[in-house]
Amino acid sequence: MVKALILDTTLREGEQTPGVAFSVEEKLEIARKLDEARVNMIEAGHPAVSPDVAEAVKRIASERLSAEILAHSRAIISDVDTAVKCDVQRVAVFLGVTETKLKTMNMTEEKAIEAAVNSIQYAKDHGMKARFTAEDGTRADYDFVVRICRAAIDAGADRISVPDTVGCMTPARMRGLFSKLSKDLKAELDAHCHDDLGMSVANAIAAVEGGATAVHTTVNGLGERAGITPLEPFAVAMKVLHDTDTVDLGKLPELSLLVEKYSGIPISPTKPIVGENAFSHKGGVHAAAVIFDPQTYEAFPPAIVGRQREIVISKYSGKVAVEDRLKRLGVALSEEELMRVLSAIKEKPEIRSYRDVDLLELAEKATGKKLEVQVPKKIEALVMVKCESNVYTTAVARRILWIKGVERVLEISGDFDIEVLINVDSISQMNDVLENIRIIKGVTATNTRVVLKKFNNGP
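Residues numbered from 1 in each chain as written. Predicted model: local features only at pLDDT ≥ 70, side-chain atom pairs only at ≥ 80, totals over all residues. Heavy atoms only, no water.

S.K.: An account of the overall build of the protein is needed here, citing residue identities and associated values.
M.R.: Of the regular secondary structure elements, the protein holds 16 helices and 14 strands. Taking the principal axes of its C-alpha atoms as reference, the protein extends roughly 85 × 50 × 40 Å. Looking at the protein as a whole, 51% of its 459 residues qualify as buried. Within the protein, contacts between residues separated by at least 24 positions form 69% of all contacts whose residues are at least 6 apart in sequence. Looking at the protein as shown, the accessible area adds up to about 21900 Å², and 50% of this sits on carbon and sulfur atoms. Once the 60 positive and 67 negative side-chain charges of the protein are each reduced to a mean point, those two points are 2 Å apart. (Helix = DSSP H or I, 4+ residues; strand = E, 2+ residues; numbered from the N terminus. Buried < 20%, exposed > 50% of the residue type's maximum accessible area, 1.4 Å probe, protein only. Contact = heavy atoms within 4.5 Å. Areas by Shrake-Rupley, 256 points an atom, 1.4 Å probe, with all protein chains shown as cover. Lys, Arg positive; Asp, Glu negative; His and termini not counted. Charge placed at Lys NZ, Arg CZ, Asp CG, Glu CD.)

Written out as structure tokens, the structure reads:
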């Protein structure tokens, strides 16, 4: 069986995402949630960057979580010393190993090996476990990578990371590289895959198949440029493709929402596993087949990540989907009545999708029958949003539109800049939406008005 540990670096690599800056308290909360999800290792930060990073790393280390806590460090003794003072369990020393990188640091290969060895020995002498990262190793000379990694291992490093720093590898090449490394290096091997070409998950899985024993991830795929291997699809793919358990999959949606909230980076609706549309079926053929047998259009059941399948009712829907949705609401119609409802749906192509209450209202009009059904009450509210004067309002509006529970966003004139219509099931959900709006960078104030009654002009 193919196995792999998860090292999550949301708090280090993830915070290197442009526009992201976690507070110390936010980092603590994220670390606890990662630990609850049973992540094996947490890279808590690079403490030499700033005092607040050092404080966060030290406080996370003091939590005594089940996960191993790491501090990142350049191959410089002062960096390592700062990491050691944070009382972490492991120091992760990194050094660029390509010819170009060595030239920018004015280092020969021998000087680079010396710097790596001295840093690792210093960490070991102070009671720390050590990992050596051969930065940009997938583009470096293979023989030099092996030579510097062997020297690091001899100095006491029991983990070696060979990153695909610019995301230029393919799965076949990644599998071959880690197959060779696993034979040439006597240490645990980490894969750190960037997503510049959109192949981080595939490359990470290929690395594991080749011999990697750990994969670096971030929640929601945060990181430099296009980010790195996202935790959610990688963990699920390992389960689906290799029947390998990595983390508690049921914790992924909650963890994703937490990081979305604190990072301010919205989750795309089409994002695998945690996107709003990840388990939604809209096309008539798709919906009918899934209702008959979910495996027809699902690689795995949504329940494994604590989510539910949704059949979207729209102009694309067929009779099977509409009938199924109405039956779930306790409404049974004749064939003729059902076809009238379906026809009415298709006559309004401008409606993107139908909520239960909208579908029932349309069914009553189409059939001329009063349908006595209890539909869960929804809470609707209008939120007025004020932005900083130097902020691009459209960028804020787009972020708001991606928040779950937001139905419509308008840029407006007057005392406020944006009007938001939210539609949720409960007060707590409304509060979550408001919180997610307020933490968006550039938002200075909100004013919320709950809708008490709606009047429509027309049939």
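Text resumes after the structure shown.
S.K.: I'd like a rundown of the sheet that holds strand β12 (residues 406–411), residues and numbers included.
M.R.: Taken in spatial order, the 4 strands make up an open sheet running β12-β13-β11-β14, and their pairing is antiparallel. Of all the strands in the sheet, the pair left with one neighbour each is β12 and β14 (443–450). The average undirected angle you get between the axes of adjacent strands in this sheet is 20°. As judged from the 7 bridges shared by strand β11 (residues 379–387) and β14, these two strands associate in the antiparallel manner. Across the sheet, residue M384 finds its bridge partner in β14, namely N447. Relative to the sheet, helix α15 (residues 393–401) contacts β11, β12, β13 (418–424) and β14, its axis offset from that of β12 by approximately 170°. (Pairing = 2+ DSSP bridges. Axes fitted to C-alpha atoms, helices over the stretch in contact; angles between N-to-C directions.)

S.K.: Describe empty space enclosed by the protein, and please don't skip the residues or the numbers.
M.R.: Using the criterion set out here, one finds 2 cavities of 30 Å³ or more in the structure. Space inside the largest cavity adds up to approximately 100 Å³. In this structure, the largest cavity is lined by E260, K261, G264, P266, R399, I403, N436, I439 and I440. Taken together, the residues that form the lining of the largest cavity break down as 4 nonpolar, 2 polar and 3 charged. (1 Å grid on protein atoms, 1.4 Å probe; cavity = no way out; pocket = protein on both sides within 12 Å on 5 of 7 lines; lining within 4 Å. Points joined across faces, edges and corners; volume = space filled by probe spheres on them. Nonpolar A, V, L, I, M, F, W, Y, C, P; charged D, E, K, R; others polar.)

S.K.: Run through the packing of helix α7 (residues 171–184) against helix α8 (residues 200–210), naming residues and quoting values.
M.R.: Direction vectors running N to C along α7 and α8 enclose 30°, while the axes themselves pass 7 Å from each other. In terms of orientation, α7 and α8 fall into the roughly parallel class. The two elements α7 and α8 cross, and the hand of that crossing is right-handed. Contact residues: α7 offers P171, M174, R175, F178, S179 and S182, while α8 offers A202, N203, A206, A207, E209 and G210. (Parallel < 35°, antiparallel > 145°, perpendicular 65-115°, else oblique. Left-handed = near helix turned anticlockwise from the far one by under 90°.)

S.K.: So what's going on with the layout of surface pockets? Residues and values would help.
M.R.: What the second largest pocket holds in volume is close to 250 Å³. Forming the walls of the second largest pocket are 15 residues, and the residues nearest its centre are R12, E13, H72, E135 and H192. Elements with a contribution of two residues or more to the lining of the second largest pocket: β5 (129–135) and β6 (159–164). Residue composition of the lining of the second largest pocket, by class: 2 nonpolar, 8 polar and 5 charged.

S.K.: Before we move on, could you go through the pattern of salt bridges and cite the residues and values that matter?
M.R.: For the structure on display, the rule yields 36 salt bridges. Of the charged contacts in the structure, one is a salt bridge between K103 and E99, with a shortest N-O distance of 3.5 Å. Within this pair, K103 and its partner E99 are both found in helix α4 (residues 99–104), separated by 4 residues, close to a single helical turn. Take K103 and E99: they sit in the same class, and that class is exposed. Linked through salt bridges whose partners overlap, the residues forming this network are R12, E13, E43 and R131. (Salt bridge = Lys/Arg side-chain N within 4 Å of Asp/Glu carboxyl O.)

S.K.: Explain the nonpolar core residue by residue, including any values.
M.R.: Grouped together as the largest cluster of nonpolar side chains are 98 residues, with contacts concentrated most on F132, I148, I160 and F178. Among residues more than four places away in sequence, those in contact with F178 are V162, L189, D190, A191, A207, G210, G211 and A212. Residues A321, L326, L342 and L359 belong to the second largest nonpolar core, which totals 21 residues. (Core = buried A, V, L, I, M, F, W, Y, C linked by side-chain atoms within 4.5 Å.)

S.K.: Which residues make up the pairing of strand β7 (residues 188–193), and what values go with them?
M.R.: Of all 6 residues in β7, 5 are buried; the element is thus mostly enclosed. Where the polypeptide runs from β6 across α7 and back to β7, its parallel neighbour, the crossover connection is right-handed. One ladder, built from 2 bridges, connects β7 with strand β8 (residues 214–217); its direction is parallel. Within β8, the residue paired with D190 across the bridge is A214. As a crossover connection, the stretch from β7 through α8 into β8 is right-handed. (Right-handed = clockwise from strand over helix to strand, strands pointing away.)

S.K.: So what's going on with the sheet that holds β5? Residues and values would help.
M.R.: What holds strands together in a sheet is hydrogen bonding between their backbones, with the strands either parallel or antiparallel. If you walk around this closed barrel you meet the 8 strands as β1-β2-β3-β4-β5-β6-β7-β8, and the pairing is parallel. Ignoring strand direction, the axes of neighbouring strands in this sheet form an average angle of 25°. Against the sheet, α8 makes contact with β6, β7 and β8, and its axis sits at roughly 165° relative to β7, the strand it touches most.

S.K.: Break down unusual backbone geometry for me, with residues and values.
M.R.: Phi is positive for R38, which is not a glycine, with a value near 70°. In this structure, R38 sits in the loop between α1 (24–36) and β2 (41–43). R38 sits in the exposed class, given a relative accessible area of 51%. Located in the positive-phi region is D243, a residue other than glycine, with phi close to 50°.

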